[in-house]
Amino acid sequence: MTTATHSSGTWQLGDRTVYRLGFGAMRLTGTGAFHNGTPRDRASSIAVVRRAVELGVNHIDTAAFYFSALRSANEIVNSALAAFPADEVLVATKVGPRRDRAGGWEGAARPEDLRGDVEQNLRELGRDHLDLVYLRNMRWDSLADHFSALAELREEGLIRNLGVSSVSAAQLHEARAIAPVVAVQNKFGLDDTDSVEVMRACGELGIAFVPFFAIAGARPGAEAAATATAAEADEDRAAKVAEAHGVSPQQIRLAWTLAQGPHVLAIPGTGDIAHLEANIAAGAIRLTHEDLALLG
Ligand SMILES: NC(=O)c1ccc[n+]([C@@H]2O[C@H](COP(=O)([O-])OP(=O)(O)OC[C@H]3O[C@@H](n4cnc5c(N)ncnc54)[C@H](OP(=O)(O)O)[C@@H]3O)[C@@H](O)[C@H]2O)c1
């Protein structure tokens, strides 16, 4: 069965080929405040992941620190993927941020914490190796000590591919000098283009650029008054283009993301099956030059 996931095209993500339209697991665990809100129904969240894979998604982004009081994104992904052949889906995870068992933010991992954090992901995902691990920058000036620790775990075979997240172009180059980087995951979207230079650098280097908050935009949680006016103007433009295509503004945001370059991958996050299907349908939307000019 050919689906809109396949229409999004493919990208060589390290040693694996993935469709450019993937899935973000952060919203599976709770509603409201990111992953940590009211726990979602476990069976529904598992069904969302399974539907994504049935529709061709073979790249899922998760993290051990995505959990609510009752749900763990890694546990849900592990359980959902048990229904499919091993290695059908590239599972990417992240280390850097740390939470205590009650869910509070503990701050940043030290380099010596990273082995334990990688092993936690291995246990929760039920794997012997991790396909892709991002070092999520925690406002470090230099990534060198942390990234070197992950590079060692890669040498040992615990990790197949490495990425970096929330980084500047200089930090990307710093990491690349230590070990190969196959992907950069930064916040980026229609109303949030601070990382445009990093995105372009990735394109030139043949590295995947994987934006987060492509749908949620610059105001994923609390309303930020300072950015509200600009974001509303972007929303109006997205709504106009959406109307012309007979789709939703969220789908236009995803289509715009995928139009930024063949190396740009989408990982929309949802715990809602109708939203998932809409997001996947966005893989087949082709924006015209006029649409892209209007969207800016
Ligand atoms: N590296 C990092 O620091 C970092 C930070 C944040 C996230 N991430 C990763 O990036 C992924 C994407 O980020 P995200 O999940 O926060 O944001 P997102 O994909 O930009 O947007 C998700 C939000 O939009 C809603 N939504 C999704 N599809 C929709 C649709 N078709 N129509 C209407 N609403 C829709 C979701 O609610 P519903 O659940 O109700 O659909 C949710 O509130 C995450 O899942 C995570 O894997 C990485």
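Our structure's up above, just so we're on the same page.
In this convention, every chain numbers its residues from 1, walking through the sequence in written order. For a predicted model such as this one, the threshold for reporting local features is a pLDDT of at least 70, and the threshold for listing and counting side-chain atom pairs is 80 or more; totals across whole chains, interfaces and linings nevertheless cover every residue. Where side-chain values are given, they derive from all heavy atoms of the structure, hydrogens and water being excluded.

## A look at the overall build of the protein chain
Formally: Only DSSP runs of H or I with at least four residues qualify as helices, and only runs of E with at least two residues qualify as strands; both kinds are numbered from the N terminus onward. Throughout, the radius of gyration refers to the C-alpha atoms, and the reference size of a globule is 2.2 Å times the residue count to the power 0.38. Burial classes: relative accessible area under 20% of the type maximum marks a residue as buried, over 50% as exposed, and values in between as partly exposed (1.4 Å probe, protein chains only). A contact between two residues is defined here by any heavy atoms of the two lying within 4.5 Å. Per-residue and other accessible areas were derived by the Shrake-Rupley procedure at a 1.4 Å probe size, with only the shown protein chains allowed to occlude residues. All tallies of charge rest on Lys and Arg as positive and Asp and Glu as negative; His and the ends of each chain are not included. Charged side chains are reduced to one point each, which is NZ for Lys, CZ for Arg, CG for Asp and CD for Glu.
In terms of regular secondary structure, the protein chain is built from eleven helices and 13 strands. Scaling as 2.2 N^0.38, a compact globule of 296 residues should have a C-alpha radius of gyration of about 19 Å, and the protein chain matches this with 18 Å. Along the longest, intermediate and shortest principal axes, the C-alpha atoms of the protein chain span 50 × 40 × 40 Å. Residues counted as buried form 53% of the 296 residues belonging to the protein chain. Put simply, 72% of the contacts in the protein chain that link residues at least 6 apart link residues at least 24 apart. When the accessible surface of the protein chain is split by element, carbon and sulfur atoms take 50% of a total near 12,700 Å². Averaging the coordinates of the 28 positive side-chain charges in the protein chain and doing the same for the 37 negative ones gives two points 2 Å apart.

## Quick word on empty space enclosed by the protein
Here is the rule we go by: Put plainly, a pocket is an open set of points on a 1 Å grid over the protein atoms alone with protein on both sides within 12 Å along at least five of seven lines, a cavity is a set where a 1.4 Å probe fits but cannot get out, and a lining residue has an atom within 4 Å of a point. Grid points are joined across faces, edges and corners, and a volume is the space filled by probe spheres set on the points. Amino acid classes used here: Ala, Val, Leu, Ile, Met, Phe, Trp, Tyr, Cys and Pro are nonpolar; Asp, Glu, Lys and Arg are charged; the rest, including Gly, are polar.
Inspection of every chain in the model, using the stated rule, returns one cavity of 30 Å³ or more. In this structure, the largest cavity occupies an estimated 40 Å³ of space. The wall of the largest cavity is formed by Gly 22, Phe 23, Pro 268, Thr 270, Leu 276, Asn 279 and Ile 280. Per element, the largest residue contribution to the lining of the largest cavity is three residues, and it comes from helix α10 (residues 273-281). Looking at the lining of the largest cavity residue by residue, the classes come out as four nonpolar, three polar and no charged.

## Here we look at the layout of surface pockets
If you add up the space inside the second largest pocket, you get close to 470 Å³. Mapped onto the lining of the second largest pocket, the elements with two or more residues apiece are β7 (90-95), β8 (97-99) and α4 (114-125). Taken together, the residues that form the lining of the second largest pocket break down as seven nonpolar, seven polar and eight charged.

## Some points on the site of the ligand
Where we set the bar: When at least one non-hydrogen atom of a residue lies within 4 Å of a molecule or strand, that residue is treated as near it. Contacts described as polar in this section are N or O atom pairs within 3.5 Å, which, within protein, must combine one atom able to donate a hydrogen with one able to accept it, while residues neighboring in sequence count only if both atoms come from side chains.
Close to the ligand lie 25 residues, the nearest being Arg 27, Arg 40, Asp 61, Thr 270 and His 275. Here an oxygen atom of the ligand sits 2.8 Å away from a polar atom, N or O, in the side chain of Arg 136. In the environment of the ligand, an oxygen atom lies 3.2 Å from a nitrogen or oxygen atom belonging to the backbone of Ala 214. Against a free-state accessible area of 900 Å², the protein chains account for coverage of 87% of the ligand.

## Some details on helix α7 (residues 196-205)
Note the following rule: Arc definition: directions from the helix axis to the C-beta atoms.
Residues of α7 that are buried: Val 198, Met 199, Ala 201 and Cys 202. Taken end-on, α7 shows its buried residues confined to a sector of 160°, consistent with a single buried face. Exposed residues lying more than 90 degrees from the buried face of α7 are Glu 197 and Glu 204. Its buried side turned inward, α7 meets α6 (169-176), β12 (183-185) and β13 (208-209). Just downstream of α7 lies Gly 206, where phi reads positive at about 75°.

## Focus: unusual backbone geometry
Residues other than glycine seldom take positive phi values, yet Asp 87 does so here, at roughly 75°. In this fold, Asp 87 is placed in the loop between α3 (73-81) and β7. Asp 87 gets classed as partly exposed once you look at its relative accessible area, which sits at 46%. Here the phi dihedral of Arg 139 falls at roughly 60°; this positive angle occurs in a residue that is not glycine. When you line up the elements, Arg 139 lands in the loop between β10 (130-136) and α5 (144-155). Among the residues examined, Arg 139 registers a relative accessible area of 82% and is labelled exposed.

## A look at the packing of α6 against α7
To keep it simple, the criterion reads: Interaxial angle, 0 to 180 degrees, is taken between N-to-C directions of lines fitted to C-alpha atoms, where a helix line uses only the stretch in contact.
Two elements in contact, α6 and α7, have axes whose closest approach is 9 Å; the angle formed by their N-to-C orientations is 35°. Across the interface between the two elements, Ala 169, Leu 172, His 173 and Arg 176 from α6 touch Val 198, Cys 202 and Leu 205 from α7. Of the residues assigned to the contact of α6 with α7, the class counts are five nonpolar, one polar and one charged.

## Quick notes on the nonpolar core
The line we're drawing: What makes a nonpolar core is a set of buried Ala, Val, Leu, Ile, Met, Phe, Trp, Tyr and Cys residues whose side-chain atoms join them at distances within 4.5 Å.
Counting residues in hydrophobic clusters, the biggest one holds 77 residues, and the most contacted among them are Phe 23, Ile 60, Leu 81, Val 118, Leu 150, Val 164 and Val 184. Sequence-distant contacts of Leu 81, defined by excluding residues within four places in its chain, comprise Val 49, Val 53, Ile 60, Val 89, Val 91 and Arg 127.

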